[in-house]
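Listed below, chain by chain, are the residues.
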Amino acid sequence: MLRALRRRVLTPNVRETRLETRGFHIKDAEAKHQLETVGTSFLQGYAYAVEARSANQAVDWLETVPRAFRGFAYEGAGMGAVMLDSLTGGSRRLTGILEGEGRRHNYMIYVGIGWAMARLPKFLWPDVTATDPVLRWLILDGYGFHQAYFKTDSYVRDPAAEHPFTWKGGPDAYSARAIDQGIGRAMWFVGGTDPDVVADLIGAFPEHRHADLYAGAGLACTYAGSVDGDELRRFAKHAGDHLPSLVQGSAFACEARERAGTTIAHTHLAAQILCGGRTPAEAARVCTDARPATCAGGETPAFEIWRRQVAATISSVPHTQKGAVA
């Protein structure tokens, strides 16, 4: 009863994931269903993390989520684990999930940590210095996604609004860029997976922010999907000079799904079109081969150096399959 009460008190209401509630664009019934299923899967994972007796039980439950949506459930579990740990002290639930089967979903779990930080007062934030120094910027991706998803007017529809941010995870100068990557990912949801609407949302922002916004949207259009090949090609054309950033985000999505064993048909389609005719496994290999072994510090984080190398590698190799974007 206590666990069920904990779940009821801590878990956000599923109504908050409905496109009408959020005021997001609705492209068609199929896209609406896809995005809302993503939302309910996220909340299911969140609930599992806060209700389970242990991290192992939470993981057992998470593994029952359909493969296409399992990553989103682990993202929710990352948020739920941090919320629970903030009440009980320490980091047992989050660490336990990351050390178990959740290690294959660590990208998504890190994003979920950022969701929790957006909901918690700063003194309850987890110790981000204990996280992977390369991947910890994904936490701010999650923070940016949350803000754009729930505070859409301020973070998406008012491109001139400024939102200063400081944390202990790295240089503040890069924090805004990592948050923009999360905002760009959320734009795929705000725009209802319509590439024209999403491109218009990005286009309203200052030019210097477009690359990071397209990187986030590229990750979302590959991981969450709900577009066909023609729409992906159209979105790539919209990206223009920022196409390398778009394909970098797409490659990261491929790596996240390949690592977790959740690759689906849409991942193959997006990889072929956006990642130079590669398979998801090939795009993922570009990411794993380029990942920095160490973090030297400085104003340019290893995460950004990694992103640049992935973008350059994929963009520089001509496509080899029909339908791919060069």
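Quick caveat, the model's predicted, so the values are computed rather than measured.

Caption draft 1: Main features of helix H14 (residues 243-260). End to end, H14 covers 26 Å across 18 residues, agreeing with the expected 26 Å (1.5 Å per residue, within 8%). With 15 of 18 residues buried, H14 lies mostly within the body of the structure. Positioned one or two residues after H14, Gly-261 has a phi angle of 70°, which is positive.

Caption draft 2: A look at the packing of helix H12 (residues 210-223) against helix H13 (residues 229-239). One can describe the packing of H12 onto H13 by two numbers: an axis separation of 12 Å at closest approach and a directional angle of 175°. When the axis of H12 is compared with that of H13, the two are roughly antiparallel. In contact with Tyr-214, Ala-217 and Cys-221 of H12, H13 contributes Leu-232, Phe-235, His-238 and Ala-239. Residue composition of the contact of H12 with H13, by class: 6 nonpolar, 1 polar and no charged.

Caption draft 3: Main features of the pattern of salt bridges. Following the criterion strictly, the structure yields 17 salt bridges and no others. Put simply, Glu-304 and Arg-177 hold a salt bridge, and the shortest N to O gap is 3.4 Å. Taken together, the positions of Glu-304 in helix H17 (residues 302-316) and Arg-177 in helix H10 (residues 172-190) put the pair 127 residues apart, joining distant regions of the chain. Here Glu-304 falls in the buried class, since its relative accessible area comes to 4%. With a relative accessible area of 28%, Arg-177 lands in the partly exposed category. Arg-307 serves as the salt-bridge partner of Asp-212, at 3.4 Å between the closest nitrogen and oxygen. With a gap of 95 residues between them, Asp-212 in helix H12 and Arg-307 in helix H17 connect regions that are remote in the sequence. Accessibility assignment for this pair places Asp-212 and Arg-307 in one class, buried. A network of salt bridges, in which partner residues are shared, links Arg-177, Asp-212, Glu-304, Arg-307 and Arg-308.

Conventions we followed
Residues numbered from 1 in each chain as written. Predicted model: local features only at pLDDT ≥ 70, side-chain atom pairs only at ≥ 80, totals over all residues. Heavy atoms only, no water. Helix = DSSP H or I, 4+ residues; strand = E, 2+ residues; numbered from the N terminus. Expected span 1.5 Å × (residues − 1). Buried < 20%, exposed > 50% of the residue type's maximum accessible area, 1.4 Å probe, protein only. Axes fitted to C-alpha atoms, helices over the stretch in contact; angles between N-to-C directions. Parallel < 35°, antiparallel > 145°, perpendicular 65-115°, else oblique. Contact = heavy atoms within 4.5 Å. Nonpolar A, V, L, I, M, F, W, Y, C, P; charged D, E, K, R; others polar. Salt bridge = Lys/Arg side-chain N within 4 Å of Asp/Glu carboxyl O.

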